[in-house]
Amino acid sequence: MPRSRKLSARMFGAVVLLVLPGIAAAAAEEVPARSYQHKNWQIQSSCEVKSGGEQISLAGFDAKSWHKSDIPATVVGALVTDQTYPDPNYGTNLKSFPGMNYSDKNLFANQDIPEGSPFRCSWWYRTEFTPPAGELKKTEWLNFLGINYRANI
């Protein structure tokens with residue numbers, strides 16, 4: 001059965017290792033080709049997505065209704081960029097975000113995330129790409145330049 005050259009990546013951390021079984025390993029002295037994948041990502045709350053990780057990570061998964069983003073981006077940053085939410089640095093816009101109706105009497109970071117907040121659930125980051133031309137290697141690396149807070153890979 002022919003192996004597809006289109007790969008799917010889920011971003012939940014700084015580095016993801018893709019192991020492609022059955023493909024010959026490259027020589028250790030080879031300089032790896034770099035391909036930058038910071039454009040054309042989609043993000044969505046895991047509370048909104050009914051599919052599991054195995055389906056979401058398949059090439060061709062329908063994520064057209066997801067929010068568009070480039071990375072690096074936090075969830076809130078991506079939602080502001082795609083105009084789901086207004087600029088949080090203007091006036092009292094930040095207080096209008098879901099889950100931001102907190103008391104000014106207590107430190108915000110010490111309060112529980114309210115029920116119904118879209119930020120109570122984890123968020124999926126997803127993209128698809130075609131690996132650089134050439135022979136596929138047994139091991140391919142995806143290197144993400146940073147994590148804002150925490151991540152699952």
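See the structure above.
About the thresholds
Residues numbered from 1 in each chain as written. Predicted model: local features only at pLDDT ≥ 70, side-chain atom pairs only at ≥ 80, totals over all residues. Heavy atoms only, no water. Disulfide = S-S within 2.5 Å. Helix = DSSP H or I, 4+ residues; strand = E, 2+ residues; numbered from the N terminus. Core = buried A, V, L, I, M, F, W, Y, C linked by side-chain atoms within 4.5 Å. Buried < 20%, exposed > 50% of the residue type's maximum accessible area, 1.4 Å probe, protein only. Contact = heavy atoms within 4.5 Å. Salt bridge = Lys/Arg side-chain N within 4 Å of Asp/Glu carboxyl O. Polar contact = N/O pair within 3.5 Å; in protein donor to acceptor, adjacent residues only side chain to side chain. Phe/Tyr/Trp six-rings, centres within 6.5 Å; stacked < 30°, edge-to-face > 60°.

## Let's talk about the state of the cysteines
For the structure on display, the rule yields one disulfide. Here Cys47 pairs with Cys121 through a disulfide, and the sulfurs are 1.4 Å apart. Of this pair, Cys47 sits in the loop between β3 (41-45) and α1 (53-56) while Cys121 is found in the loop between α2 (75-81) and β5 (123-129), placing the two residues 74 residues apart along the sequence.

## Quick look at the nonpolar core
What tends to happen in soluble globular proteins is that the nonpolar side chains get buried as a cluster. Ranked by internal contacts, the top residues of the largest apolar core, which has 14 residues, are Ile43, Val75 and Tyr125. Those elements giving two or more residues to this core turn out to be β3, α2 and β5.

## Here we look at the environment of Met100
With respect to the element layout, Met100 can be found in the loop between α2 and β5. For Met100 and Ile113, which are 13 residues apart along the polypeptide, the C-alpha to C-alpha distance reads 8.6 Å. Setting aside chain neighbours within four positions, we find Met100 in contact with Leu94, Lys95 and Phe108.

## A closer look at the pattern of salt bridges
This model, assessed by the stated rule, comprises four salt bridges. A salt bridge links Lys39 to Asp70; the nearest nitrogen and oxygen atoms lie 3.4 Å apart. Here the residue Lys39 occupies a position in the loop between β2 (15-19) and β3, and Asp70 occupies one in the loop between β4 (67-69) and α2, the gap between them amounting to 31 residues. Judged by its relative accessible area of 35%, Asp70 is partly exposed. In this structure, Glu128 engages Arg126 in a salt bridge whose closest nitrogen and oxygen atoms are separated by 2.8 Å. A residue is classified by how much of its surface remains accessible, and Arg126, at 2% relative accessible area, is buried.

## Topic: the side chain of Thr127
Looking at the secondary structure, you find Thr127 in strand β5. In this structure the side chain of Thr127 is engaged in a polar contact, spanning 3.0 Å, whose partner is the backbone oxygen of Asn40.

## Some thoughts on the packing of aromatic side chains
Per the counting criterion, the structure on display carries three aromatic pairs. An aromatic cluster is defined as three or more aromatic residues linked by ring pairs; in this entry it consists of Tyr85, Phe97 and Phe119.

## Quick look at the environment of Pro98
Mapped onto the secondary structure, Pro98 falls in the loop between α2 and β5. Along the backbone, Pro98 and Pro118 are 20 residues apart, and their C-alpha atoms lie at a distance of 6.9 Å. Look past the residues within four positions of Pro98 in its chain and what remains in contact with it is Tyr85, Ser117, Pro118 and Phe119.

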